[in-house]
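If you want the building blocks of each chain, they are given just below.
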Number of protein chains: 2
Amino acid sequence: MTELQLAKGVKDTPPEEKIVKDKVVSTLTNIFELYGFMPLETPILERYETLSAKFAAGEASDALKEIFKLKDQGDRTLGLRFDLTVPLARYVAMNLNLKLPFKRYAVGSVFRDGPIKLGRTREFWQMDIDTVGTKSMLAEAEILAMADSVFKTLNLNVVIKVNNRKLLNGILEQAGIDQKEEAIIAIDKLNKIGEEGVSKELKMRGYSTKQINKVFALIRNNVTLRELNIKIVDETGKEGLAELEELFSYLKSMNVKSAVFDISMARGLAYYTGTVFEAFLKNGEVTSSLAGGGRYDNMIGKYLDGGKEVPAVGISFGLVPIIETLKLEKKVESKTNTKVLVIPINTIKESLEISQILRNSGIATDFSLGKKGVSKSLQYADSLGIPYTIIIGEDEINKKKVLLRDMSSGTEQLLTVDGVVKKLKT
Amino acid sequence: MTELQLAKGVKDTPPEEKIVKDKVVSTLTNIFELYGFMPLETPILERYETLSAKFAAGEASDALKEIFKLKDQGDRTLGLRFDLTVPLARYVAMNLNLKLPFKRYAVGSVFRDGPIKLGRTREFWQMDIDTVGTKSMLAEAEILAMADSVFKTLNLNVVIKVNNRKLLNGILEQAGIDQKEEAIIAIDKLNKIGEEGVSKELKMRGYSTKQINKVFALIRNNVTLRELNIKIVDETGKEGLAELEELFSYLKSMNVKSAVFDISMARGLAYYTGTVFEAFLKNGEVTSSLAGGGRYDNMIGKYLDGGKEVPAVGISFGLVPIIETLKLEKKVESKTNTKVLVIPINTIKESLEISQILRNSGIATDFSLGKKGVSKSLQYADSLGIPYTIIIGEDEINKKKVLLRDMSSGTEQLLTVDGVVKKLKT
């Protein structure tokens, strides 16, 4: 073998990273289930037609260009899924007897043959939670309460910015702005580039100072729902406002304090139709969003014959920025899940027996395999980050005890096996 | 959308199946970790050269033909991994500073563009556990003890047949049989087609009656290691026998009773070099093996420059037959992990508050979203298999109680929220 390489843009996840990833995923999925969401798994391989349906990716013609395309032995064109939303839409459309609302979460690899940037790989995991089949704002409330619970459990201090596309569209309508999608993309940058920056962008798009002033009469940092209530006259805008008021009344009952209204948070994707939300770290080095989503009432129905509307709302958690944040804040750390390494000195039989007692007591136990000498075994435990070792020589066997060594302090204790179980179980 | 289909040969895993799959996977991975194995994740996309290396698939030219091939935007030829062993070999070869023994487990999708048979899909999960870097029989013992523990925990009564390729090769050598791989494949069928059937196959391959008799003088159902000890003269055969004796002495110390020596169990793959093992249900409808593996000391090293030997032993659990068995034996059942559905009757605010109390107490709680009327909500709970509902009307709120309904018996109880928590927590 001359040249052994990974495929471009993918990476291995070695044990010390995979342990953290698995922990975060299981913490999150446990909370998803607490909120009544159940797992759905769809295949990684989908028909290319399903993935490339013109409405599949919202505005994302980029996503289409980035689909990994392949053929099966029957010469059918397939693709690797690029998100978990299109497969959900396909699943709902193929299972018309599904009980609605259908509340599901999905965790799995998605693939995008795109440019490789820092922290972005061509194969990565997404975690999506969606409620399909209801227009009720209770669905949004539940998802936001769940997100709040996720970040509380992870001990991360976040703000979840909440807005509504109908409200934004109403404001733009009142200001006489036609190309609302483009304007929304500009407004989405308000917190980054300020009113001046956004004004400049809108000017470049050909809007008058009068129009732009009208926009900023309504869209200002920290504007409240109450203030807007007086100023919005457009019907769609009023509808969006009413939805937000309903949503925040539910969030109050659910004691969700991290969710706040933010008129400048718009999210890029074209397929959102109502509520949009995005979670950011309050103070910290990671500025990218940790989760985001919204309501998309028009997308799934397009997969159905006749195009019946199938309302839906969902959130996607960013596993990479969440893990990065936890590491930076030192809120997660584990090189290994193994608790103890058993090191026999001419006592293999007894040491094997003791290992089984530890394992049967629920203590993750490794056994020194093919290492010559105690010091080699201690080095091994040290390099893997195993916190304890048990050294078992003939002397210990005679005393019916074992020598427990705390690898970080180096202190040793002569204990019975029961004593070790008690100490390591906590 | 005219025709919405899955890719050929793949399937969706709906929530009621995915819940079972996730439970089995987490039961198993917990046990892997009890035995000191840590998770490794490698990408699904690998370079085609890595997958197609002539030694990658053992004898499996079939596997090569079944690789899903694709190109990335840089015109590099990639493939979807067809197993988890080749990526492990690639990982070990690319990480030469890895501490040995390297004990890892891996769970993930693999892909084979092959014919579609019952229970076989083109995209399926494998669960592999391997110890890399030691020739010690302690590695085999640990893996077999772990497998024993897995099946005990799943409450499945299995026999793990254990044999050794060196022993088989020695027996064949003594009988003057050259094409040992082919003979081994015939012998592997002893339990299915009997001595007569195997004799016939060996005759067809051109071996004499005398040679065949020599084989069966040693290979008989229920032959013991002790009996063979007297009869084996070939050096390789003796080595295999000694390895088995060492292994079974360790298994005895570890109290592993499901593992038994079986001279006729050989396993097909050419890359095994020593111990081989395979787990079968003792009595039951599922006759395919539930797990299998063995020692393959020559494969990983072939990925290294210079071809240094890297010994390894591993086991792979068959998720599909394990789940099928658990279902047939009714040892696993869950339509949902949700414990209770909260149904408000004009009490949304209070019901939302109560839902949060339940969730914060660790009870998986669904909330009736956009359902009109109690009976529709009850039907919803029933069809999803949610075992309890809580009906909250104004009357209940005034009494500071809620109405808990057991969905299977239909009995109802007026309880405080604390009372509900106590009842449902158990």
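Residues numbered from 1 in each chain as written. Chains lettered and ligands numbered in written order. Predicted model: local features only at pLDDT ≥ 70, side-chain atom pairs only at ≥ 80, totals over all residues.

(A) Spatial organisation of the relation of the copies chain B and chain A. Expressed as a screw operation, the relation of chain B to chain A combines 0.0 Å of axial shift with a rotation of 180°, fitting to an RMSD of 0.0 Å. Here the symmetry operator amounts to a two-fold rotation axis. When each C-alpha of chain B is compared by its distance to the rotation axis, Leu70(B) comes out closest, at 2.6 Å. A shared interface surface links the copies, since 100% of the contact residues of chain B are contact residues in chain A too. (Least-squares fit on C-alpha atoms with pLDDT ≥ 70 in both. Contact = placed C-beta atoms within 7 Å.)

(B) Structural detail: the confidence of the model for chain A. Across chain A, the average pLDDT comes to 92, with 97% of residues at 70 or higher. As a predicted assembly, this complex carries a pTM of 0.93 together with an ipTM value of 0.93. (pLDDT = per-residue confidence, 0-100.)

(C) Up close: the interface of chain B and chain A. On the chain A side, the residues contacting the 79 residues of chain B number 80 residues. If you tally residues by element for the side of chain B that touches chain A, the top one is helix α1 (residues 15-34) of chain B, at 6 residues. (Helix = DSSP H or I, 4+ residues; strand = E, 2+ residues; numbered from the N terminus.)

(D) Molecular detail of the domain arrangement of chain A. By the assigned domains, chain A splits into domain 1 (15-328) and domain 2 (340-425). In this structure, domain 1 of chain A and domain 2 of chain A have C-alpha centres spaced 50 Å apart. (Domains from an automatic or database assignment.)

(E) Structural context of the packing of helix α6 (residues 165-174) of chain B against helix α11 (residues 235-253) of chain B. Residues and elements named next belong to chain B. The geometry of α6 relative to α11 is characterised by a closest axis approach of 7 Å and an angle of 150° between their N-to-C directions. By the criterion of interaxial angle, the relationship of α6 to α11 is roughly antiparallel. The chirality of how α6 crosses α11 is left-handed. Counted together, Arg-165, Lys-166, Leu-167, Asn-169, Gly-170, Ile-171, Glu-173 and Gln-174 of α6 and Thr-236, Gly-237, Lys-238, Glu-239, Gly-240, Leu-241, Glu-243 and Leu-244 of α11 form the full contact between these two elements. (Axes fitted to C-alpha atoms, helices over the stretch in contact; angles between N-to-C directions. Parallel < 35°, antiparallel > 145°, perpendicular 65-115°, else oblique. Left-handed = near helix turned anticlockwise from the far one by under 90°.)

(F) Spatial organisation of the sheet that holds strand β13 (residues 365-367) of chain B. All names here are of chain B. Spatial ordering of the open sheet is given by β13-β12-β14-β15-β16, a layout of 5 strands whose pairing is mixed. The two strands at the open ends of the sheet, each matched to only one other strand, are β13 and β16 (412-415). Direction aside, the axes of adjacent strands within the sheet are offset by 25° on average. Where strand β14 (residues 388-392) meets strand β15 (residues 402-406), 4 bridges bridge the pair, whose relative direction is antiparallel. For Ile-391, the partnering residue across the bridge sits in β15 and is Leu-403. Against the sheet, helix α14 (residues 374-384) makes contact with β12 (340-344) and β14, and its axis sits at roughly 170° relative to β12, the strand it touches most. Relative to the sheet, helix α16 (residues 417-425) contacts β12, β14, β15 and β16, its axis offset from that of β15 by approximately 25°. (Pairing = 2+ DSSP bridges.)

(G) Region of interest: the packing of helix α7 (residues 180-187) of chain B against helix α8 (residues 190-204) of chain B. Residue and element names in this part refer to chain B. Running from N to C, α7 and α8 point in directions that differ by 140°, and their axes come no closer than 8 Å. By the angle between their axes, α7 is oblique relative to α8. Where α7 abuts α8, its residues Ala-183, Ala-186 and Ile-187 lie against Leu-190, Val-198, Glu-201 and Leu-202. Counted by class, the contact of α7 with α8 contains 6 nonpolar, no polar and 1 charged residues. (Nonpolar A, V, L, I, M, F, W, Y, C, P; charged D, E, K, R; others polar.)

(H) Geometry of the nonpolar core. Of all hydrophobic cores here, the largest spans 248 residues; its most connected members are Leu144(A), Ala147(A), Ile390(A), Leu144(B), Ala147(B) and Ile390(B). Beyond its immediate sequence surroundings of up to four residues, Leu144(B) is in contact with Ile160(B), Leu251(B), Val256(B), Ala259(B) and Phe277(B). (Core = buried A, V, L, I, M, F, W, Y, C linked by C-beta atoms within 7 Å. Buried ≥ 20, exposed ≤ 12 C-beta atoms within 10 Å, placed from the backbone.)

(I) Representation of the environment of Asp395(B) in the model. All names here are of chain B. With respect to the element layout, Asp-395 can be found in helix α15 (residues 394-399). Classification of Asp-395 as exposed rests on a count of 12 C-beta atoms within 10 Å. For the pair Asp-395 and Ile-345, spaced 50 residues apart in sequence, the C-alpha to C-alpha distance is 9.7 Å.

(J) Local environment of the pairing of β15(B). Pairing of β15(B) with β16(B), which is carried by 4 bridges, proceeds in the antiparallel orientation. Residue Val402(B) lies in a different strand from β16(B), and its bridge partner there is Leu415(B).

(K) Layout of the sheet that holds strand β15 (residues 402-406) of chain A. All names here are of chain A. Taken in spatial order, the 5 strands make up an open sheet running β13-β12-β14-β15-β16, and their pairing is mixed. Looking at strand neighbours, the two that pair on one side only are β13 (365-367) and β16 (412-415), the edges of this open sheet. Ignoring strand direction, the axes of neighbouring strands in this sheet form an average angle of 25°. Of the strands in this sheet, β12 (340-344) and β14 (388-392) are in contact with helix α14 (residues 374-384), which crosses β12 at around 170°. Lying over the sheet, helix α16 (residues 417-425) contacts β12, β14, β15 and β16, oriented at roughly 25° with respect to β15.

(L) Looking closely at unusual backbone geometry. In the segment running from Leu100(A) into Pro101(A), the intervening peptide bond is cis, with an omega of -5°. For Pro101(A), the location among the structural elements is in the loop between α4 (85-94) and β5 (102-111). Not every positive phi belongs to a glycine, and Asn155(B) is a case in point at roughly 65°. Checked against the element boundaries, Asn155(B) lands in the loop between α5 (137-153) and β7 (158-164). Exposure remark for Asn155(B): the 10 C-beta atoms within 10 Å place this residue in the exposed category.

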